[in-house]
Amino acid sequence: MNKETRWEPLLKDGVKGEVFVMNLSQNDTYTFGRIKMMPHSSIPLHPHKFDCEWYLDEETGETYFCPKGESHDFVNDSNKIKYLLSVKKAM
């Protein structure tokens, strides 16, 4: 397994608990990846000044969208690991 397909800790100020990311593919416009959020973990509120981002909950199929210029956070307040697909589009 190469470095690009391994789970790496999300090193973002304000992350609560344990959150991991896996880069799947990237080009000049799109970044595709997965996020693994351990129980009771969260990604802090942060802006998307130059891109937009979609999350897809792999278990429920729910989607979450943050348009360019907006901010969002994400909280896993459950007792289960949550897996998300992530797509970022540079604009």
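The residue numbers shown here count from 1 along each chain, following its written sequence. Per-residue local features of the predicted model are confined to residues with pLDDT of at least 70, and side-chain atom pairs are confined, for both listing and counting, to 80 or more; whole-chain, interface and lining totals are unaffected and use all residues. The side-chain values count all of the structure's non-hydrogen atoms but skip hydrogen atoms and water molecules.

Student: Explain the nonpolar core to me, please; I cannot follow it from the model alone.
Tutor: Note that soluble globular proteins tend to have their nonpolar side chains buried in a common cluster. With seven residues, the main nonpolar core is built from Val19, Ile35, Met37, Ile43, Tyr55, Phe74 and Leu84. It only takes one pair of heavy atoms within 4.5 Å for two residues to be counted as in contact. The contacts of Leu84, once residues within four sequence positions are left out, are Gly33, Arg34, Ile35, Met37, Tyr55, Leu56, Asp57, Glu58 and Phe74. Buried Ala, Val, Leu, Ile, Met, Phe, Trp, Tyr and Cys residues that are joined via side-chain atoms within 4.5 Å together make up what is termed a nonpolar core. The classification of residues rests on relative accessible area computed with a 1.4 Å probe and restricted to protein chains. Under 20% of the type maximum is buried, over 50% is exposed, and intermediate values are partly exposed.

Student: So what exactly am I meant to see when it comes to the environment of Val15 here?
Tutor: Along the polypeptide, Val15 turns up in the loop between β1 (8–9) and β2 (19–26). Counting along the chain gives 60 residues from Val15 to Val75, while the straight-line C-alpha distance between them is 9.9 Å. In this description a helix means any DSSP run of H or I spanning at least four residues, a strand means any run of E spanning at least two, and both kinds are numbered starting from the N terminus.

Student: Just checking my understanding: could you explain the pattern of salt bridges for this structure?
Tutor: Just to be clear on terms, a salt bridge is a Lys or Arg side-chain nitrogen sitting within 4 Å of an Asp or Glu carboxyl oxygen. A full pass over the atoms with the stated rule returns three salt bridges. Where Glu58 meets Arg34, a salt bridge forms, and the shortest distance between an N and an O atom there is 2.8 Å. Here Glu58, found in the loop between β5 (51–57) and β6 (63–66), pairs with Arg34, found in strand β3 (residues 30–37); they are 24 residues apart in sequence, far enough to count as distant. The closest approach of N and O atoms between Asp57 and Lys82, which form a salt bridge, is 2.7 Å. Here Asp57 is found in strand β5, whereas its partner Lys82 is found in strand β8 (residues 82–90), with 25 residues between them in sequence. Assigned by exposure class, Asp57 and Lys82 land together as buried.

Student: I tried to follow the side chain of His48 on my own but got confused; where do I start?
Tutor: Mapped onto the elements, His48 comes out in the loop between β4 (41–47) and β5. A relative accessible area of 3% means that His48 is categorised as buried. Think of a polar contact as two N or O atoms within 3.5 Å of one another; within protein, one of them needs to be a possible hydrogen donor and the other a possible acceptor, and neighboring residues in sequence only count if both atoms come from side chains. A polar contact is formed between the side chain of His48 and the side chain of Glu53, at a distance of 3.0 Å. Filtering out sequence-adjacent residues up to four positions away, His48 remains in contact with Glu53, Cys66, Pro67, Lys68, Gly69, Glu70, His72 and Lys88.

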